[in-house]
Amino acid sequence: NYSSCIYGNRAQKGLYGYEGQRLRKGFNMDEKEIIKLIDHTQLQADATWEDIVSLCDEAVKYKTATVCIPPTYLKRTHDKYGDNLKLCTVIGFPLGYSCTAAKVVEAQEAIKDGAEEIDTVVNVSDVKNHRYDEVKKELEEIRKACGDKLLKVIIETCYLTEDEQKELCKIVTEVKADYIKTST
């Protein structure tokens, strides 16, 4: 999460790690502290239930921050692991093209199925067309759908100019998302 938390609501006054831990020059972390910051992730299209279980077992064993898994596996994973594992998923993944209504429903369903964190991919087409009002409106609706759950916004920096990235950082902060991430 360190690379994904440089900008955003929780990072306005410096660099913060997971759950607001202050990171500073010379700050030393041991392996266990670093692992607690990792979203252990399996988002491959061909991931099987066995792959998800293996990922989750590793996450429980090593005490990672979350597991980030496809929405289709959330309910089953939540039923198996309960409160022993914090679940994260993606919406509008991987390209952010989904319409706002679909992203909102995806977020609501993911939370109903046990997700405590939502990663959403920004609509890059709207950004490239400088439709920032639409981007902000969409993110506001997703933020509202997430309620008190953690919201991370993936902006796909590889497609964006520096000015577009800066504009998105402002928007993400304004909509009170918790983190901004550079890419999927």
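Treat the numbers as computed from the prediction; the structure is a model and nothing was measured.

### What about the environment of Leu 85?
Stage number 1. Mapped onto the secondary structure, Leu 85 falls in the loop between α3 (74-81) and β3 (87-91).
Stage number 2. Among the residues examined, Leu 85 registers a relative accessible area of 5% and is labelled buried.
Stage number 3. Residues Leu 85 and Thr 66 lie 19 residues apart in sequence; the distance between their C-alpha atoms is 6.7 Å.
Stage number 4. Not counting chain neighbours up to four residues away, the residues in contact with Leu 85 comprise Cys 56, Ala 59, Val 60, Val 67, Thr 77 and Glu 116.

### Brief notes about the sheet that holds strand β2 (residues 66-68)
Stage number 1. Strand order in the open sheet made by the six strands is β1-β2-β3-β4-β5-β6, with parallel pairing throughout. Each edge of the open sheet is held by one strand with a lone partner, namely β1 (39-41) and β6 (179-181). Strand-to-strand twist in this sheet, taken as the mean axis angle between neighbours without regard to direction, amounts to 25°.
Stage number 2. Bridging between strand β4 (residues 115-121) and strand β5 (residues 150-154) involves five bridges; their strand directions are parallel. Each residue of the ladder has a partner; that of Asp 119, found in β5, is Lys 152.

### Concerning the confidence of the model for the protein chain
Stage number 1. Of all residues in the protein chain, 85% have pLDDT values of 70 or greater, and the mean over the chain is 88.
Stage number 2. In this model, residues 1-19 is a region of pLDDT below 50 whose contacts with residues beyond four sequence positions or in other chains number 53 contacts.

### Here's the deal with the packing of aromatic side chains
Stage number 1. Applying the stated criterion to the full structure yields one aromatic pair.
Stage number 2. Here the guanidinium or amino end of Arg 76 rests over the ring plane of Trp 49, the centre of that ring lying 4.0 Å away.

### Considering the side chain of Lys 103
Stage number 1. Here Lys 103 lies in helix α4 (residues 100-112).
Stage number 2. For Lys 103, a relative accessible area of 0% puts it in the buried group.
Stage number 3. A polar contact is formed between the side chain of Lys 103 and the backbone oxygen of Val 121, at a distance of 2.8 Å.

### With respect to the environment of Glu 58
Stage number 1. By secondary structure assignment, the location of Glu 58 is in helix α2 (residues 49-62).
Stage number 2. Overall, the relative accessible area of 34% leaves Glu 58 in the partly exposed class.
Stage number 3. Separated by 18 residues in the primary sequence, Glu 58 and His 40 have C-alpha atoms spaced 8.5 Å apart.
Stage number 4. Contacts of Glu 58, omitting those with residues within four sequence positions, involve His 40 and Lys 63.

Thresholds, definitions, all that
- Residues numbered from 1 in each chain as written.
- Predicted model: local features only at pLDDT ≥ 70, side-chain atom pairs only at ≥ 80, totals over all residues.
- Heavy atoms only, no water.
- Helix = DSSP H or I, 4+ residues; strand = E, 2+ residues; numbered from the N terminus.
- Buried < 20%, exposed > 50% of the residue type's maximum accessible area, 1.4 Å probe, protein only.
- Contact = heavy atoms within 4.5 Å.
- Pairing = 2+ DSSP bridges.
- Axes fitted to C-alpha atoms, helices over the stretch in contact; angles between N-to-C directions.
- pLDDT = per-residue confidence, 0-100.
- Phe/Tyr/Trp six-rings, centres within 6.5 Å; stacked < 30°, edge-to-face > 60°.
- Lys NZ or Arg CZ within 6 Å of the ring centre and 35° of its normal.
- Polar contact = N/O pair within 3.5 Å; in protein donor to acceptor, adjacent residues only side chain to side chain.

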